[in-house]
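A closer look at the structure
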Amino acid sequence: MKRVLSVVVVLLGLVTASAATVDEGAGPFGVTVAGRDARVGVLLRAAGGGHFCTASVVDAPRRDLIVSAAHCLGGDGGLVFVPGYRDGRAPYGEWRVRRRLLPRGWVEGRHEDSDVGFAVLAPRGGTRVQDVVGGNRFVTGTATGATGVTVTGYPDARETPVSCIDKPEALGRAQQRVACPGFSGGTSGSPWVNGDGQVVGVLGGHDQGGATPGVSYSVVLGAEARRLYRQAAGLS
């Protein structure tokens, strides 16, 4: 996961979910600000400890699905997702992960081009997480750089999220990158959301998301990610 442990973030204002509306020529690009998006939250270990990765709710028929980096969802022990986490509080509740789905490329070889995964959340009192905070559409096959994206995540060193708008650039055929300062350890799993409210990237992939806080990566979401989503959403 992101291995940078310290970060200086320029806080220029508040970004709400509506600020994700960006397109060709929009801006400012590459500026990191304080963030807010109820669909984005932190992953915690059920055994205790601080937040260590980011995840977000994606639209699914069963309304119980989150996406993150595969390297955030692997390993033993229970996980908990807290959407809209802020200053140690869980304004939309804590949701237990009951099932994780990782691509074969990651399970068998920790392949950086397969660093995306899903988790199914248990309901709370009969209510499902998407009923509470909504969910962004998970979309594969989008051309890299076709539009700007809003990246929102939780650095380990902060108790509030940060956001940045940038236009992804290709790194080979299977990876993409954005230049956003302040995305250090803990931001792995951050969704890349375009102006249509679609998740078109997930922070991870190359160097498990990046070795510096100023450049972050994502797998190009293609056939493998599409198959995994359909499996996780109960569509296949």
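In this text, all values refer to a predicted model and were calculated from it rather than measured experimentally.

1. Here's the deal with the pairing of strand β7 (residues 95–101)
Where strand β6 (residues 79–83) meets β7, two bridges bridge the pair, whose relative direction is antiparallel. Looking across to β7, one finds that Val80 is bridged to Arg96. Judged from the four bridges that link them, β7 and strand β8 (residues 117–121) form a sheet pairing that is antiparallel. Directly across from Val97, in β8, lies its bridge partner Leu121.

2. What about the sheet that holds strand β12 (residues 169–171)?
The pairing of strands in a sheet happens through backbone hydrogen bonds and is either parallel or antiparallel. Read from one edge of the open sheet, three strands run β12-β13-β16, paired in antiparallel fashion. Edge positions in the sheet fall to β12 and β16 (215–219), since each of these pairs with one other strand and no more. The average undirected angle you get between the axes of adjacent strands in this sheet is 35 degrees. In terms of strand pairing, strand β13 (residues 175–179) meets β16 through five bridges, oriented antiparallel. The partner of Val178 across the bridge, within β16, is Ser216.

3. A closer look at the state of the cysteines
In total, this model carries two disulfides according to the counting rule given. Cys53 shares a disulfide with Cys72; S-S distance 2.1 Å. On the S-S bond that ties Cys53 to Cys72, the torsion sits near -70 degrees, and the link is left-handed. Taken together, the positions of Cys53 in strand β4 (residues 53–58) and Cys72 in helix α1 (residues 70–73) put the pair 19 residues apart, joining distant regions of the chain.

4. A closer look at the pattern of salt bridges
Going through the model one piece at a time under the given rule, you end up with four salt bridges. With its nearest N and O atoms 4.0 Å apart, the salt bridge here joins Asp64 to Arg98. Within this pair, whereas Asp64 is found in the loop between β4 and β5 (65–68), its partner Arg98 is found in strand β7, the two being separated by 34 residues in sequence. The partner of Arg104 in a salt bridge is Glu108, and the shortest N-O contact between them spans 3.8 Å.

5. Quick notes on the confidence of the model for the chain
Here the chain averages 90 in pLDDT, and 89% of its residues register 70 or above. For residues 3–26, every residue scores under 50 in pLDDT, and the model assigns this stretch 55 contacts once sequence neighbours within four places are set aside.

6. Thoughts on the side chain of Asp37
The topology assignment puts Asp37 in the loop between β2 (31–35) and β3 (40–45). For the buried Asp37, no salt bridge is present, and the opposite-charge side chain at shortest range is Arg39, 5.0 Å distant. Engagement of the side chain of Asp37 in a polar contact is seen with the backbone nitrogen of Arg39, the distance being 3.0 Å.

7. Remarks on the sheet that holds β3
Spatially, the six strands close up into a barrel ordered β3-β4-β5-β8-β7-β6, and their pairing is antiparallel. Within this sheet the neighbouring strands show an average axis-to-axis angle of 40 degrees, counted without direction. Looking at chain direction, β5 and β8 are connected through four bridges and run antiparallel. For Leu65, the partnering residue across the bridge sits in β8 and is Val120. Here helix α4 (residues 223–232) sits on the sheet in contact with β5, β7 and β8, set at roughly 10 degrees to β8.

8. A few points about unusual backbone geometry
Its identity is not glycine, yet Arg63 carries a phi of approximately 60 degrees, on the positive side. With respect to the secondary-structure elements, Arg63 resides in the loop between β4 and β5. Owing to a relative accessible area of 30%, Arg63 belongs among the partly exposed residues under this scheme. Positive phi values are uncommon outside glycine, yet Asp207 reaches one of about 55 degrees.

9. A look at the environment of Pro123
Secondary-structure assignment places Pro123 in the loop between β8 and α3 (129–133). Under the relative-accessibility criterion, Pro123 is labelled partly exposed at 36%. Residues Pro123 and Arg96, 27 residues apart in the sequence, show an inter-C-alpha distance of 8.1 Å. Those residues in contact with Pro123, other than ones at most four positions away along the chain, are Trp95, Arg98 and Arg128.

Rules of the game
- Residues numbered from 1 in each chain as written.
- Predicted model: local features only at pLDDT ≥ 70, side-chain atom pairs only at ≥ 80, totals over all residues.
- Heavy atoms only, no water.
- Pairing = 2+ DSSP bridges.
- Helix = DSSP H or I, 4+ residues; strand = E, 2+ residues; numbered from the N terminus.
- Axes fitted to C-alpha atoms, helices over the stretch in contact; angles between N-to-C directions.
- Disulfide = S-S within 2.5 Å.
- Salt bridge = Lys/Arg side-chain N within 4 Å of Asp/Glu carboxyl O.
- pLDDT = per-residue confidence, 0-100.
- Contact = heavy atoms within 4.5 Å.
- Buried < 20%, exposed > 50% of the residue type's maximum accessible area, 1.4 Å probe, protein only.
- Lys, Arg positive; Asp, Glu negative; His and termini not counted.
- Polar contact = N/O pair within 3.5 Å; in protein donor to acceptor, adjacent residues only side chain to side chain.

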